[in-house]
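Spelled out, the chains give:
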Amino acid sequence: MMHLAANGALVGCTKNIASTSSITELRCNSSALPPRMTRSARVRVIANGGSPGGMARSAANAASAVLEVSTAVRMKGIEAPDGDSSFVALDQERRGLVDTEGLPLVYDKELIQKYWLSQGSALQQRWTEFLGYSVPYLTRVAGMMITGGVDELNKNDEVLARDARIIFEKLGPTYIKMGQMMSVRPDVLPPAALKELSILQDSVKPFDTQVAIAQIESELGRPLGEVFSEISEAPVAAASLAQVYRAVLKDSGEVVAVKVQRPNVLSTVSKDLYVLRRAAEVYQGLIERFAPQQRTDYVALLNEWAVGFYTELDFVNEAQNQQRLKDLVQVEGVYIPEVYHNLTTRRLLVTEWIDGIKLSECDEDEIRELTALGQECFLVQLLQVGFFHSDPHPGNLMKMYDQSKGRIALLDFGLVATIKQDEIDTIVNSIVHLANKDYTSLVDDFIQLKILPADCDRQLVEPLMDKALSPYVKGGGAKKYE
């Protein structure tokens with residue numbers, strides 16, 4: 001405790017992208033791909049009646065497909081993710097305002113585009129860097145789709161997930177955050193991929209404490225010693241966007257959590273969101289071409305995530321979310337920490353320190369008991385208030401050591417969503433229909449909530465709902481389904 005006085009290379013491709021104005025300048029050398037196959041990969045090809053030469057043709061076809069889809073995406077022009085239909089809770093009073101860099105405080109597609117149009121080739125340089133890692137990966141994915149369709153992807157899901165995780169780590173905070181988000185989406189990815197991507201939850205390295213202190217002092221507008229009497233020498237937690245220190249307020253002696261943003265992360269994130277929007281469209285095009293039965297809208301998924309991710313970088317908005325939930329959600333046994341608004345800025349958040357242990361690290365009996373309490377808390381948010389914490393992973397639910405204020409504490413309010421009363425009503429109806437196993441009505445509810453498309457095949461969907469959801473209705477949940 002400190003006491004205070006007052007160019008990634010393209011695999012199998014020639015790298016003709018120094019002045020890349022389009023992906024069409026990539027010239028893939030498919031003959032270079034088969035020699036890079038491992039011995040076991042060659043054995044599998046021959047065992048399946050194929051040959052390295054056949055793989056060369058598949059690789060060439062895959063590269064051609066990636067190129068064709070990418071060119072079609074490029075012709076549409078580059079733009080930021082759309083946030084018009086987002087559920088993310090935004091600070092409407094500060095909409096249209098920009099920070100010292102010129103980027104909007106609240107997510108605004110047009111203002112972000114205006115900023116990056118004035119920054120010369122910065123976007124293209126990041127896109128080029130992204131291509132260096134992603135083109136070989138997407139070519140492999142397309143090759144698997146050509147040779148074996150979705151089944152081939154499923155057979156290789158562990159290897160693909162591992163390679164994706166490594167790419168995310170190399171590309172930095174935005175991609176690590178995306179991988180973390182995907183690691184808790186069993187509706188999108190298979191179990192093997194979820195397991196691999198979960199590694200990203202603990203893979204973020206902290207930035208230098210001296211840099212953090214300089215950032216804190218800059219945000220406070222005064223020396224650290226004027227505000228805090230103590231601050232931890234190292235961060236107690238580090239994430240892709242920020243890291244947290246334990247400190248003591250000089251005036252009151254209260255112990256607080258000081259969350260400070262990584263330097264320059266907003267410009268990096270806003271730039272990466274452009275790149276990911278284009279990449280999502282490329283991936284969507286490949287899925288629609290080779291696996292049309294896969295109905296996931298990856299562009300829409302990216303849009304919603306992008307708005308939420310950008311919003312998490314506004315700590316004033318996070319403080320307001322935390323205060324609003326503290327005022328609205330009164331569930332006995334659940335505690336939401338105090339916020340120190342006078343010490344909070346867009347890049348700095350100061351809140352009450354909570355001593356405790358992650359819910360996931362408690363013993364099984366405690367987890368079972370406290371989970372019921374957490375469920376009540378989130379159902380109140382979702383079905384009564386319509387304003388709810390949207391990132392309830394184990395690190396954000398803590399069993400409190402001092403239970404005079406509550407048994408569990410809810411932390412991290414950077415991502416909070418809102419829904420309208422008619423949506424709340426439909427969700428309640430869907431719960432009733434699920435409990436009664438009325439899957440015909442449940443399909444109607446899911447269409448109204450836009451979980452299912454209006455043209456879904458009911459004769460196919462309803463039996464699948466029965467198979468997938470009935471175990472949860474009976475009790476035992478996922479364990480029985482397995």
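About the thresholds
Residues numbered from 1 in each chain as written. Predicted model: local features only at pLDDT ≥ 70, side-chain atom pairs only at ≥ 80, totals over all residues. Heavy atoms only, no water. Helix = DSSP H or I, 4+ residues; strand = E, 2+ residues; numbered from the N terminus. Buried < 20%, exposed > 50% of the residue type's maximum accessible area, 1.4 Å probe, protein only. Axes fitted to C-alpha atoms, helices over the stretch in contact; angles between N-to-C directions. Parallel < 35°, antiparallel > 145°, perpendicular 65-115°, else oblique. Left-handed = near helix turned anticlockwise from the far one by under 90°. Contact = heavy atoms within 4.5 Å. Nonpolar A, V, L, I, M, F, W, Y, C, P; charged D, E, K, R; others polar. Pairing = 2+ DSSP bridges. Salt bridge = Lys/Arg side-chain N within 4 Å of Asp/Glu carboxyl O. Core = buried A, V, L, I, M, F, W, Y, C linked by side-chain atoms within 4.5 Å. Arc of directions from axis to C-beta. Polar contact = N/O pair within 3.5 Å; in protein donor to acceptor, adjacent residues only side chain to side chain. Phe/Tyr/Trp six-rings, centres within 6.5 Å; stacked < 30°, edge-to-face > 60°. Expected span 1.5 Å × (residues − 1). Lys, Arg positive; Asp, Glu negative; His and termini not counted.

1. Comments concerning the overall build of the chain
Then, in step 1: Scanning the chain from N- to C-terminus turns up 16 helices and 14 strands.
Then, in step 2: Looking at the chain residue by residue over its 482 residues, the buried ones come to 49%.

2. Observations concerning unusual backbone geometry
Then, in step 1: Even without being a glycine, N264 presents a positive backbone phi close to 60 degrees.
Then, in step 2: Within the secondary structure, N264 is located in the loop between β7 (255-261) and α9 (265-290).
Then, in step 3: In this structure, D412 is a non-glycine residue whose phi angle is positive, near 65 degrees.
Then, in step 4: Note that D412 resides in the loop between β13 (408-410) and β14 (416-418).

3. Brief notes about the packing of helix α13 (residues 421-435) against helix α14 (residues 439-448)
Then, in step 1: Viewed as axis vectors pointing N to C, α13 and α14 meet at an angle of 160 degrees, and their least axial separation amounts to 9 Å. It follows that α13 is roughly antiparallel to α14 by the angle criterion. Crossing hand, α13 versus α14: left-handed. Along the contact surface, α13 presents T426, N429, S430, H433 and L434, while α14 presents Y439, S441, L442, D445, F446 and Q448.
Then, in step 2: Here the contact of α13 with α14 is composed, by residue class, of 4 nonpolar, 6 polar and 1 charged.

4. Some remarks on the pairing of strand β6 (residues 242-249)
Then, in step 1: For β6, the buried fraction is high: 7 of the 8 residues fall into the buried class.
Then, in step 2: Here strand β4 (residues 228-231) pairs with β6 via 3 bridges, running antiparallel. Looking at the pairing, I231 lines up with A247 of β6.
Then, in step 3: The sheet contact formed by β6 and β7 spans 7 bridges and is antiparallel. Bridging from a neighbouring strand, V248 pairs with V255 of β7.
Then, in step 4: Counting the residues that bridge the hairpin from β6 to β7 gives 5 residues, and of these G253 lies at a positive phi of roughly 80 degrees.

5. Focus on the pattern of salt bridges
Then, in step 1: In the structure shown here, the tally under the stated rule is 24 salt bridges.
Then, in step 2: Linking R347 and E219 is a salt bridge whose minimum nitrogen-to-oxygen distance equals 3.4 Å. Placement of the pair is R347 in the loop between β8 (334-335) and β9 (348-352) and E219 in helix α8 (residues 209-220), with a sequence separation of 128 residues.

6. Structural notes on the nonpolar core
Then, in step 1: W116, Y175, M178 and W305 are the most contacted members of the largest nonpolar core, which has 52 residues in total.
Then, in step 2: Within the residue set of this core, elements represented by two or more residues are α3 (109-117), α4 (122-155), α5 (157-171), α6 (173-182), α9 and α10 (298-311).
Then, in step 3: Sort the elements by how many residues they give to this core and α4 lands first, with 11 residues.
Then, in step 4: Counting 19 residues, the second largest nonpolar core, distinct from the first, contains L220, Y340, L343 and L348.

7. Here we look at the packing of α14 against helix α15 (residues 458-474)
Helix packing for two helices is described by the angle between their axes and how far apart those axes are.
Then, in step 1: Contact geometry of α14 with α15 gives a least axis separation of 10 Å together with a crossing angle of 100 degrees. By the angle between their axes, α14 is roughly perpendicular relative to α15. Contact residues: α14 offers Y439, T440, L442, V443, D444, F446 and I447, while α15 offers R458, V461, E462, M465, D466, L469 and S470.
Then, in step 2: When its residues are assigned to classes, the contact of α14 with α15 shows 8 nonpolar, 2 polar and 4 charged.

8. What about α3?
Then, in step 1: For α3, the complete set of buried residues consists of K109, I112, Q113, Y115 and W116. Buried residues of α3, viewed axially, fall in a sector of 160 degrees; they line one side. Set apart from the buried face of α3 by more than 90 degrees, the exposed residues are E110, K114 and L117.
Then, in step 2: If you check the start of α3, you find a side-chain oxygen 3.1 Å away from the backbone N of E110, and it comes from D108.

9. Comments concerning the packing of aromatic side chains
Remark: the centre distance and the inter-plane angle together describe each pair of aromatic rings, the angle taken between the planes.
Then, in step 1: Counted under the stated rule, the structure contains 5 aromatic pairs.
Then, in step 2: When the ring of Y115 is compared with that of W116, the centres are 4.9 Å apart and the planes differ by 85 degrees; the resulting orientation is edge-to-face. Assigned by exposure class, Y115 and W116 land together as buried.
Then, in step 3: Aromatic ring contacts, followed pair by pair, group W127, F130 and Y175 into a single cluster.

10. Considerations on the side chain of R94
Then, in step 1: With respect to the secondary-structure elements, R94 resides in the loop between α2 (52-75) and α3.
Then, in step 2: Given a relative accessible area of 14%, R94 falls into the buried group.
Then, in step 3: A polar contact is formed between the side chain of R94 and the side chain of D91, at a distance of 2.6 Å.

11. Regarding α8
Every α-helix winds through 3.6 residues per turn, so residues three or four apart in the chain are directed the same way.
Then, in step 1: With 12 residues, α8 extends 16 Å from end C-alpha to end C-alpha; this agrees with the ideal 16 Å at 1.5 Å per step.
Then, in step 2: Along α8, the positions that sit buried rather than exposed are T209, A212, I213, Q215, I216, E219 and L220. Take α8 and look down its axis: the buried residues cluster within an arc of 160 degrees, on one side only. When the buried face of α8 is taken as reference, the exposed residues oriented beyond 90 degrees from it are Q210 and S218.
Then, in step 3: Between the side-chain oxygen at the start of α8 and the backbone nitrogen of Q210 there is a gap of 2.9 Å, and the oxygen is on D208.

12. Details of the sheet that holds β13
Through backbone hydrogen bonds, the strands of a sheet pair up, either in parallel or in antiparallel fashion.
Then, in step 1: Spatially, 4 strands are ordered β8-β13-β12-β10 in an open sheet, and the strand pairing comes out mixed. The open sheet has two edge strands, β8 and β10 (356-358), and neither has a second partner.
Then, in step 2: Bridge count for strand β12 (residues 397-400) against β13 is 3 bridges, and the pairing is antiparallel. Following the sheet pairing, L397 is matched in β13 by L410.
Then, in step 3: Of the strands in this sheet, β8, β12 and β13 touch helix α12 (residues 364-385), which is tilted by about 40 degrees from β13.

13. Some words on the side chain of D391
Then, in step 1: Residue position: D391 is located in the loop between β11 (387-389) and β12.
Then, in step 2: Buried and without a salt bridge, D391 has K177 as its closest oppositely charged side chain, separated by 4.7 Å.
Then, in step 3: Those residues in contact with D391 that lie beyond four places of it in its chain are N396, D412 and L415.

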